[in-house]
Amino acid sequence: MELVLTPMAQEGDKVRKGEECAPHSQPWQVALFDKGRFNCGASLISSQWVLSAAHCQSRSMRLRLGEHNLRKRDGPEQLRAVSRVIPHPNYQARSHQHDIMLLKLMRPARLTRQVHPVALPKQCPRPGDACVVSGWGLVSSDEPGITGSPESQVSLPDTLHCANISIISTASCNKDYPGRLMKNSMVCAGVEGGGTDSCEGDSGGPLVCGGFLQGIVSWGDVPCDTTSKPGVYTKACNYLEWIRETMRRN
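Presented here is an overview of the structure given in this document.

Conventions we followed
- Residues numbered from 1 in each chain as written.
- Predicted model: local features only at pLDDT ≥ 70, side-chain atom pairs only at ≥ 80, totals over all residues.
- Heavy atoms only, no water.
- Buried < 20%, exposed > 50% of the residue type's maximum accessible area, 1.4 Å probe, protein only.
- Helix = DSSP H or I, 4+ residues; strand = E, 2+ residues; numbered from the N terminus.
- Contact = heavy atoms within 4.5 Å.
- Pairing = 2+ DSSP bridges.
- Core = buried A, V, L, I, M, F, W, Y, C linked by side-chain atoms within 4.5 Å.
- Disulfide = S-S within 2.5 Å.

### Brief notes about helix 2 (residues 240-249)
And then number 1: Considered for burial, the residues of helix 2 that qualify are Leu240, Trp242, Ile243 and Thr246.
And then number 2: Packed against the buried residues of helix 2 are strand 4 (49-52), strand 6 (78-87) and strand 7 (101-105).

In C-alpha coordinates, the structure reads:
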(Lines give C-alpha, C1' and ligand atoms only; values in the text may rest on other atoms or scores of the structure.)
Protein backbone atom coordinates (compact mmCIF):
# COMPACT_ATOMS: atom_id res chain seq x y z
CA MET A 1 0.00 0.00 0.00
CA GLU A 2 1.30 3.41 -0.85
CA LEU A 3 0.94 6.35 1.47
CA VAL A 4 0.13 9.82 0.16
CA LEU A 5 -0.11 13.03 2.29
CA THR A 6 -1.42 16.49 1.18
CA PRO A 7 -3.31 19.46 2.62
CA MET A 8 -7.06 19.33 2.33
CA ALA A 9 -8.33 21.97 -0.05
CA GLN A 10 -4.80 23.22 -0.61
CA GLU A 11 -2.01 22.64 -3.07
CA GLY A 12 -0.80 19.14 -2.32
CA ASP A 13 1.56 17.58 0.18
CA LYS A 14 1.75 13.78 0.18
CA VAL A 15 2.74 10.46 1.97
CA ARG A 16 2.56 7.49 -0.37
CA LYS A 17 4.25 4.15 -0.74
CA GLY A 18 4.22 4.22 3.02
CA GLU A 19 2.56 1.71 5.24
CA GLU A 20 0.66 1.64 8.47
CA CYS A 21 2.82 2.85 11.35
CA ALA A 22 3.41 0.52 14.28
CA PRO A 23 0.64 1.73 16.63
CA HIS A 24 1.80 4.64 18.82
CA SER A 25 5.33 4.57 17.38
CA GLN A 26 4.94 8.31 16.67
CA PRO A 27 3.65 9.41 20.11
CA TRP A 28 3.94 13.11 19.18
CA GLN A 29 1.50 12.76 16.25
CA VAL A 30 -1.65 14.83 16.71
CA ALA A 31 -4.88 14.68 14.69
CA LEU A 32 -6.50 18.06 14.06
CA PHE A 33 -10.28 18.18 13.58
CA ASP A 34 -12.43 21.00 12.23
CA LYS A 35 -16.13 20.77 13.15
CA GLY A 36 -15.76 17.05 13.76
CA ARG A 37 -14.02 16.35 10.44
CA PHE A 38 -10.38 15.28 10.23
CA ASN A 39 -8.43 18.17 8.75
CA CYS A 40 -4.67 18.02 9.36
CA GLY A 41 -1.80 16.54 11.28
CA ALA A 42 0.29 18.27 13.95
CA SER A 43 3.06 17.54 16.45
CA LEU A 44 3.10 17.71 20.23
CA ILE A 45 6.22 19.68 21.26
CA SER A 46 5.45 20.08 25.00
CA SER A 47 2.65 19.09 27.35
CA GLN A 48 0.77 22.26 26.42
CA TRP A 49 1.88 23.17 22.89
CA VAL A 50 1.30 21.70 19.44
CA LEU A 51 3.00 22.72 16.19
CA SER A 52 1.24 22.54 12.82
CA ALA A 53 1.05 24.35 9.46
CA ALA A 54 -0.52 27.81 9.29
CA HIS A 55 -2.67 26.71 6.33
CA CYS A 56 -4.39 24.22 8.68
CA GLN A 57 -5.95 27.03 10.70
CA SER A 58 -9.71 26.68 11.10
CA ARG A 59 -12.46 28.16 13.24
CA SER A 60 -13.35 25.27 15.50
CA MET A 61 -10.29 23.16 16.15
CA ARG A 62 -10.23 20.09 18.35
CA LEU A 63 -7.17 17.92 18.85
CA ARG A 64 -6.78 14.20 19.43
CA LEU A 65 -3.55 12.93 20.95
CA GLY A 66 -2.51 9.29 21.23
CA GLU A 67 -4.48 8.34 18.11
CA HIS A 68 -3.81 5.47 15.74
CA ASN A 69 -7.13 4.40 14.21
CA LEU A 70 -9.37 7.45 13.80
CA ARG A 71 -12.50 5.26 13.83
CA LYS A 72 -11.71 3.31 17.00
CA ARG A 73 -11.14 4.17 20.63
CA ASP A 74 -8.09 2.17 21.71
CA GLY A 75 -7.77 3.67 25.18
CA PRO A 76 -4.75 6.03 25.09
CA GLU A 77 -6.52 8.81 23.15
CA GLN A 78 -6.76 12.25 24.75
CA LEU A 79 -9.13 14.91 23.41
CA ARG A 80 -8.19 18.55 23.83
CA ALA A 81 -9.64 21.95 22.96
CA VAL A 82 -7.41 24.83 21.87
CA SER A 83 -7.04 28.03 23.91
CA ARG A 84 -4.66 29.92 21.61
CA VAL A 85 -4.16 29.74 17.82
CA ILE A 86 -0.98 31.55 16.76
CA PRO A 87 -0.05 31.38 13.05
CA HIS A 88 3.29 32.91 12.09
CA PRO A 89 2.73 36.67 11.64
CA ASN A 90 4.41 36.62 8.22
CA TYR A 91 2.61 33.57 6.82
CA GLN A 92 1.81 33.96 3.09
CA ALA A 93 -0.75 31.53 1.71
CA ARG A 94 0.17 32.13 -1.93
CA SER A 95 3.90 31.39 -1.58
CA HIS A 96 3.57 28.99 1.40
CA GLN A 97 6.19 31.04 3.21
CA HIS A 98 6.32 30.76 7.01
CA ASP A 99 3.68 27.99 6.94
CA ILE A 100 3.85 27.32 10.68
CA MET A 101 1.39 27.69 13.55
CA LEU A 102 1.42 27.14 17.31
CA LEU A 103 -1.63 25.84 19.19
CA LYS A 104 -1.92 26.04 22.97
CA LEU A 105 -3.97 23.32 24.60
CA MET A 106 -6.79 24.36 26.91
CA ARG A 107 -5.62 21.63 29.28
CA PRO A 108 -2.09 20.14 29.24
CA ALA A 109 -1.65 16.71 27.73
CA ARG A 110 -1.08 13.82 30.10
CA LEU A 111 2.31 12.49 29.00
CA THR A 112 2.41 8.72 28.56
CA ARG A 113 4.19 6.18 26.36
CA GLN A 114 1.57 6.86 23.64
CA VAL A 115 1.46 10.66 24.09
CA HIS A 116 4.89 12.25 24.18
CA PRO A 117 6.47 15.41 22.71
CA VAL A 118 8.97 15.30 19.87
CA ALA A 119 12.30 17.10 20.37
CA LEU A 120 12.91 20.34 18.52
CA PRO A 121 16.05 20.27 16.35
CA LYS A 122 19.46 21.41 17.59
CA GLN A 123 20.71 21.96 14.03
CA CYS A 124 19.29 22.09 10.52
CA PRO A 125 18.97 18.88 8.48
CA ARG A 126 21.47 17.89 5.80
CA PRO A 127 20.81 16.30 2.39
CA GLY A 128 20.60 12.54 2.74
CA ASP A 129 19.42 12.58 6.36
CA ALA A 130 16.95 9.72 6.92
CA CYS A 131 13.49 10.83 8.08
CA VAL A 132 9.99 9.53 8.77
CA VAL A 133 6.86 11.41 7.71
CA SER A 134 3.53 10.34 9.17
CA GLY A 135 -0.13 11.16 8.77
CA TRP A 136 -3.66 10.09 7.98
CA GLY A 137 -3.48 11.62 4.50
CA LEU A 138 -4.41 9.98 1.22
CA VAL A 139 -2.85 6.63 0.52
CA SER A 140 -2.62 5.26 -2.98
CA SER A 141 -3.22 1.59 -3.55
CA ASP A 142 -3.17 -0.91 -6.37
CA GLU A 143 -5.69 -3.07 -4.56
CA PRO A 144 -8.94 -3.63 -6.46
CA GLY A 145 -12.12 -2.20 -5.09
CA ILE A 146 -10.81 1.18 -4.07
CA THR A 147 -12.47 4.03 -5.89
CA GLY A 148 -10.46 6.23 -8.20
CA SER A 149 -9.03 6.19 -11.69
CA PRO A 150 -6.99 3.17 -12.80
CA GLU A 151 -3.80 5.23 -12.76
CA SER A 152 -4.33 6.62 -9.31
CA GLN A 153 -6.45 4.88 -6.71
CA VAL A 154 -6.43 6.84 -3.49
CA SER A 155 -8.31 6.67 -0.23
CA LEU A 156 -8.17 8.15 3.25
CA PRO A 157 -6.95 5.53 5.72
CA ASP A 158 -8.34 5.03 9.22
CA THR A 159 -4.89 4.27 10.62
CA LEU A 160 -1.75 6.39 10.87
CA HIS A 161 0.67 5.76 8.00
CA CYS A 162 4.45 6.25 7.96
CA ALA A 163 6.94 6.61 5.12
CA ASN A 164 10.74 6.53 5.17
CA ILE A 165 12.12 9.39 3.11
CA SER A 166 15.25 11.54 3.18
CA ILE A 167 16.25 15.18 2.97
CA ILE A 168 16.81 16.38 -0.61
CA SER A 169 19.28 19.17 -1.40
CA THR A 170 17.98 22.65 -2.11
CA ALA A 171 19.76 22.61 -5.51
CA SER A 172 17.98 19.42 -6.55
CA CYS A 173 14.61 20.59 -5.23
CA ASN A 174 14.99 23.94 -7.01
CA LYS A 175 14.98 22.06 -10.32
CA ASP A 176 11.53 20.65 -9.50
CA TYR A 177 10.14 23.93 -8.16
CA PRO A 178 12.09 26.72 -9.92
CA GLY A 179 11.71 30.05 -8.16
CA ARG A 180 9.29 28.71 -5.55
CA LEU A 181 11.63 27.31 -2.91
CA MET A 182 12.56 29.69 -0.08
CA LYS A 183 15.64 27.94 1.32
CA ASN A 184 15.49 29.71 4.68
CA SER A 185 11.94 28.65 5.42
CA MET A 186 11.50 25.41 3.42
CA VAL A 187 13.17 22.01 3.18
CA CYS A 188 12.47 19.21 0.68
CA ALA A 189 12.23 15.49 1.38
CA GLY A 190 11.31 12.41 -0.60
CA VAL A 191 12.95 9.41 -2.27
CA GLU A 192 15.06 9.26 -5.41
CA GLY A 193 12.72 8.97 -8.37
CA GLY A 194 9.69 9.97 -6.32
CA GLY A 195 6.77 7.82 -5.25
CA THR A 196 6.89 8.25 -1.49
CA ASP A 197 5.93 11.45 0.19
CA SER A 198 3.23 13.28 2.11
CA CYS A 199 -0.22 13.87 0.57
CA GLU A 200 -3.65 15.37 1.12
CA GLY A 201 -4.59 15.24 4.78
CA ASP A 202 -0.98 15.03 5.97
CA SER A 203 -0.60 18.80 6.10
CA GLY A 204 0.81 20.12 9.35
CA GLY A 205 2.20 16.73 10.32
CA PRO A 206 5.74 15.87 11.39
CA LEU A 207 8.90 15.15 9.41
CA VAL A 208 11.14 13.56 12.04
CA CYS A 209 14.83 12.96 11.31
CA GLY A 210 17.04 11.24 13.88
CA GLY A 211 14.46 11.82 16.59
CA PHE A 212 14.13 15.56 15.94
CA LEU A 213 11.26 17.49 14.31
CA GLN A 214 12.89 18.92 11.18
CA GLY A 215 9.85 19.69 9.06
CA ILE A 216 6.12 20.38 8.95
CA VAL A 217 4.18 19.03 5.97
CA SER A 218 3.44 22.15 3.89
CA TRP A 219 3.03 21.74 0.12
CA GLY A 220 4.09 19.88 -3.00
CA ASP A 221 3.12 18.94 -6.52
CA VAL A 222 -0.45 17.94 -7.37
CA PRO A 223 -1.87 15.41 -7.75
CA CYS A 224 0.44 14.20 -5.02
CA ASP A 225 -0.27 10.53 -5.61
CA THR A 226 1.21 10.50 -9.13
CA THR A 227 4.01 13.08 -8.99
CA SER A 228 7.70 12.22 -8.80
CA LYS A 229 8.57 15.57 -7.19
CA PRO A 230 9.52 15.74 -3.51
CA GLY A 231 7.33 17.23 -0.80
CA VAL A 232 8.14 20.64 0.67
CA TYR A 233 8.19 21.14 4.43
CA THR A 234 8.40 24.17 6.68
CA LYS A 235 12.00 24.17 7.95
CA ALA A 236 11.53 23.90 11.71
CA CYS A 237 15.17 24.64 12.63
CA ASN A 238 14.83 28.21 11.36
CA TYR A 239 11.83 28.94 13.59
CA LEU A 240 13.22 27.89 16.98
CA GLU A 241 13.48 31.45 18.25
CA TRP A 242 9.90 32.28 17.17
CA ILE A 243 8.58 29.03 18.68
CA ARG A 244 10.30 29.51 22.04
CA GLU A 245 9.53 33.23 22.29
CA THR A 246 5.85 32.67 21.39
CA MET A 247 5.49 29.89 23.96
CA ARG A 248 7.18 32.03 26.63
CA ARG A 249 4.88 34.99 25.98
CA ASN A 250 1.67 32.99 25.95
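### A short note on the pairing of strand 12 (residues 186-190)
And then number 1: Counting buried residues along strand 12, 5 of its 5 residues qualify, which places the element largely inside the surrounding structure.
And then number 2: Here strand 12 shows two buried faces, one formed by Met186, Cys188 and Gly190 and the other by Val187 and Ala189.
And then number 3: One ladder, built from 3 bridges, connects strand 11 (residues 161-168) with strand 12; its direction is antiparallel. Within strand 12, the residue paired with Ile167 across the bridge is Ala189.
And then number 4: With 4 bridges joining them, strand 12 and strand 15 (residues 231-235) adopt antiparallel strand pairing. Pairing of Val187 across the sheet is with Tyr233, part of strand 15.

### Quick word on the nonpolar core
And then number 1: Ranked by internal contacts, the top residues of the largest apolar core, which has 34 residues, are Ile45, Val50, Leu51, Leu63, Leu102, Leu103 and Ile243.
And then number 2: Taken together, the elements giving at least two residues each to this core come down to strand 2 (29-34), strand 3 (37-44), strand 4, strand 5 (61-65), strand 6, strand 7, strand 14 (212-219) and helix 2.
And then number 3: Element by element, the count of residues in this core is highest for strand 7, at 4 residues.
And then number 4: Once residues lying within four places of it in the same chain are set aside, the contact partners of Ile243 are Ile45, Leu51, Ile100, Leu102 and Leu120.
And then number 5: Membership of the second largest hydrophobic core comes to 11 residues, among which are Ile167, Val187, Ala189 and Cys209.

### So, the state of the cysteines
And then number 1: Counted under the stated rule, the structure contains 5 disulfides.
And then number 2: In this model Cys21 forms its disulfide with Cys162; the gap between the sulfur atoms is 2.0 Å. The S-S bond linking Cys21 to Cys162 shows a torsion near 105°; that makes this disulfide right-handed. One end of the pair, Cys21, is in the loop between strand 1 (19-20) and strand 2; the other, Cys162, is in strand 11, with 141 residues separating them in the sequence. Side by side, Cys21 and Cys162 carry an identical accessibility label, which is buried.
And then number 3: Sulfur-sulfur distance for the disulfide between Cys124 and Cys237 comes to 2.1 Å. The chirality of the disulfide connecting Cys124 with Cys237 is right-handed, given an S-S dihedral of about 95°. Of this pair, Cys124 sits in the loop between strand 7 and strand 8 (130-135) while Cys237 sits in the loop between strand 15 and helix 2, and the two are 113 residues apart along the sequence.
And then number 4: The class of Cys124 is partly exposed, set by a relative accessible area of 31%.
And then number 5: Relative accessible area serves as the criterion here: at 10%, Cys237 is assigned to the buried category.

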